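Structural characterization, general
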Amino acid sequence: MELRHLRYFVAVAREQSFTRAAEAMHVAQPALSKQVQQFEEDLGLALIERGSRPVRLTEPGRVIYEQALQILERVDDLRETGRRLRLAERNSFRVGFVASTLYGRLPEILRGYRLKRPDVDLTLLELLTLEQIAALKEGRIDVGFGRVEIEDPAIARVLLRNEKLIVAVPMAWDAAHPPGPLRLRDLADTALILYPKSARPNNADRILALFREHAVRPPVIHEVRELQTALGLVAAEAGVCVVPASIERLRRDGVAYRPLDEERALIPVIMSYRKNDPSPEIGLILQCVREDYEREGLRFGV
């Protein structure tokens, strides 16, 4: 039994004529009659009173007719749902990001993308880099902007740039120490605040590795979930926090920022997406990144 059997039978019942039903369905009458006969054979029931003019349904035929109508309506609903989903899929672009990228160039990049694609529904989701990888593989986002290099055979990564790290310090600490850039050894006697407190690998691992490379061991380490919380603790004079340089745009009472004078004091900005993703939006968002970096004098991929 196929959907065409239902459609031909319903057409005959509605038109009360094989001839008019064949015309409505744009098929030859003998072919339509044969399909209706096959439908009856599949069900083992006589659905149409033979020889009746106009065509009349048998009692079982009337029951089957009502059910066939419901089935065809559900099929039409299913097609419409599929059409809407395809349209939504084509006209949506979902971006995952770590919080610190919002203080860099990401807002400007997304504004540029919106100008090029005003008809696209842009959805933003705050996710840690590790969460972005899972969300990409599950199809919950289309692209992710993160800070941690995570290898996965299903995911492609593009290094957008390496950003300098700086140190967020309490205002009182800043006033009590000589002005100018800091070395990590200058923080040897100061509590360190790390974020995020979450599944590894994450940003905290990079900062701890940097301290180990310079043989500096902070006396106390506080781990918190979010960047804003970390800066709040800095303002409360609970310690210092190493952050991307773009965070300096986030002015907060009680917090000062110092450059970090260490050669490898860098943190990447990485764009991740599904390998072999055919979406043209991937190339377009990369184009927006390059255009923004060129305007700002930033080197792409370095």
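Residues numbered from 1 in each chain as written. Predicted model: local features only at pLDDT ≥ 70, side-chain atom pairs only at ≥ 80, totals over all residues. Heavy atoms only, no water.

1. Topic: the pattern of salt bridges
If charged atoms from side chains of opposite charge come close, those side chains can pair. Note the following rule: The working definition used for a salt bridge is a side-chain nitrogen of Lys or Arg within 4 Å of a carboxyl oxygen of Asp or Glu. Helical segments are the DSSP runs of H or I of at least four residues, strand segments are the runs of E of at least two, and each set is numbered from the N terminus. With a 1.4 Å probe rolled over the protein chains alone, any residue whose accessible area is under 20% of its type maximum counts as buried; one over 50% counts as exposed, and the rest are partly exposed.
In total, this model carries 27 salt bridges according to the counting rule given. For Arg-206, the salt bridge identified is with Glu-149, shortest N-O distance 2.7 Å. Here the residue Arg-206 occupies a position in helix H8 (residues 203-213), and Glu-149 occupies one in the loop between strand S3 (143-146) and strand S4 (155-170), the gap between them amounting to 57 residues. Here Arg-206 falls in the partly exposed class, since its relative accessible area comes to 26%. Assessed through its relative accessible area of 42%, Glu-149 is described here as partly exposed. Linking Asp-277 and Arg-274 is a salt bridge whose minimum nitrogen-to-oxygen distance equals 3.4 Å.

2. Comments concerning the nonpolar core
For clarity, the cut-off: The criterion is simple. A nonpolar core is a set of buried Ala, Val, Leu, Ile, Met, Phe, Trp, Tyr and Cys residues joined through side-chain atoms within 4.5 Å. Contact criterion: two residues are considered in contact whenever any of their non-hydrogen atoms come within 4.5 Å of each other.
Among the nonpolar cores identified, the biggest contains 24 residues, and Phe-93, Tyr-113, Val-143, Phe-145, Leu-160, Met-271 and Ile-285 are the most heavily contacted of them. Only strand S1 (92-97), helix H5 (106-116), S3, S4, strand S9 (266-274) and helix H10 (280-296) provide two or more residues apiece to this core. With 7 residues, H10 is the single largest residue contributor to this core. In contact with Val-143, other than residues within four places in its own chain, are Phe-93, Arg-94, Val-95, Gly-96, Leu-136, Met-271, Ser-272, Tyr-273 and Ile-282. Counting residues in each nonpolar core, the second largest holds 22 residues, with Tyr-8, Phe-9, Val-12 and Leu-57 among its members.

3. Details of the pairing of S9
For clarity, the cut-off: For two strands to be treated as a pair, DSSP must find at least two bridges joining them.
Where burial is concerned, most of S9 is hidden: 7 out of the 9 residues are buried. Relative to S9, S3 is paired through 3 bridges, and the arrangement is antiparallel. Among the inter-strand pairings, Gly-146 is bridged to a residue of S9, identified as Ile-270.

4. Here we look at the environment of Ala-11
Tracing the sequence through the fold places Ala-11 in helix H1 (residues 3-15). The buried category is assigned to Ala-11, whose relative accessible area is 9%. Measuring from C-alpha to C-alpha, the distance between Ala-11 and Asp-205 comes to 69 Å, with 194 residues separating the pair along the chain. Excluding anything up to four places from it in sequence, Ala-11 contacts Ala-21 and Met-25.

5. Focus on the pairing of S1
S1 sits mainly inside the fold: 5 of its 6 residues count as buried. Here S1 pairs with strand S2 (residues 121-126) via 6 bridges, running parallel. From the neighbouring strand, Gly-96 faces S2, where its bridge partner is Leu-125.

6. Let's talk about the packing of H1 against helix H3 (residues 29-43)
Quick reminder of the rule: The axes used here are C-alpha line fits, helices contributing only the stretch in contact, and every angle between their N-to-C directions lies in the interval 0 to 180 degrees. Geometric relationships in this document are graded by angle, where less than 35 degrees denotes roughly parallel, more than 145 denotes roughly antiparallel, 65 to 115 denotes roughly perpendicular, and other angles denote oblique. It is the rotation of the near helix from the far one that decides the hand of a crossing: anticlockwise by less than a right angle makes it left-handed, clockwise makes it right-handed.
Direction vectors running N to C along H1 and H3 enclose 110°, while the axes themselves pass 9 Å from each other. Here H1 is positioned roughly perpendicular relative to H3, judged by the angle of their axes. Read as a crossing pair, H1 and H3 show a hand that is left-handed. Residues Arg-4, His-5, Leu-6, Tyr-8, Phe-9 and Val-12 of H1 pack against Leu-32, Gln-35, Val-36, Gln-38, Phe-39 and Asp-42 of H3.

7. Comments concerning the UniProt feature "domain: HTH lysR-type" (unreviewed entry) in the protein
Defined as follows: UniProt positions are given in the numbering used here, feature names are shortened, and annotations may be inferred rather than shown by experiment.
Feature annotation in UniProt assigns "domain: HTH lysR-type" (unreviewed entry) to the following positions: residues 1-58. The span residues 1-58 is 62% helical and 0% strand by assignment, and the distance between its end C-alpha atoms comes to 20 Å.

8. Here's the deal with the packing of aromatic side chains
The condition that has to hold: Here a Phe, Tyr or Trp ring, Trp counted by its six-membered ring, pairs with any other such ring whose centre lies within 6.5 Å, and the pair is stacked when the planes are under 30 degrees apart, edge-to-face when over 60, and tilted otherwise. We count a charge as sitting over a ring when the NZ of a lysine or the CZ of an arginine lies within 6 Å of the ring centre and within 35 degrees of the ring normal.
Considering all chains together, one arrives at 3 aromatic pairs under this definition. With a centroid separation of 5.5 Å and an interplanar angle of 55°, the aromatic rings of Phe-9 and Phe-39 are classed as tilted. Taken together, the residues span a long stretch of sequence, with Phe-9 in helix H1 and Phe-39 in helix H3 at a distance of 30 residues. Classification of Phe-9 as buried rests on a relative accessible area of 0%. Looking at Arg-290, its charged tip hangs above the ring of Phe-300, at a distance of 3.9 Å from the centre.

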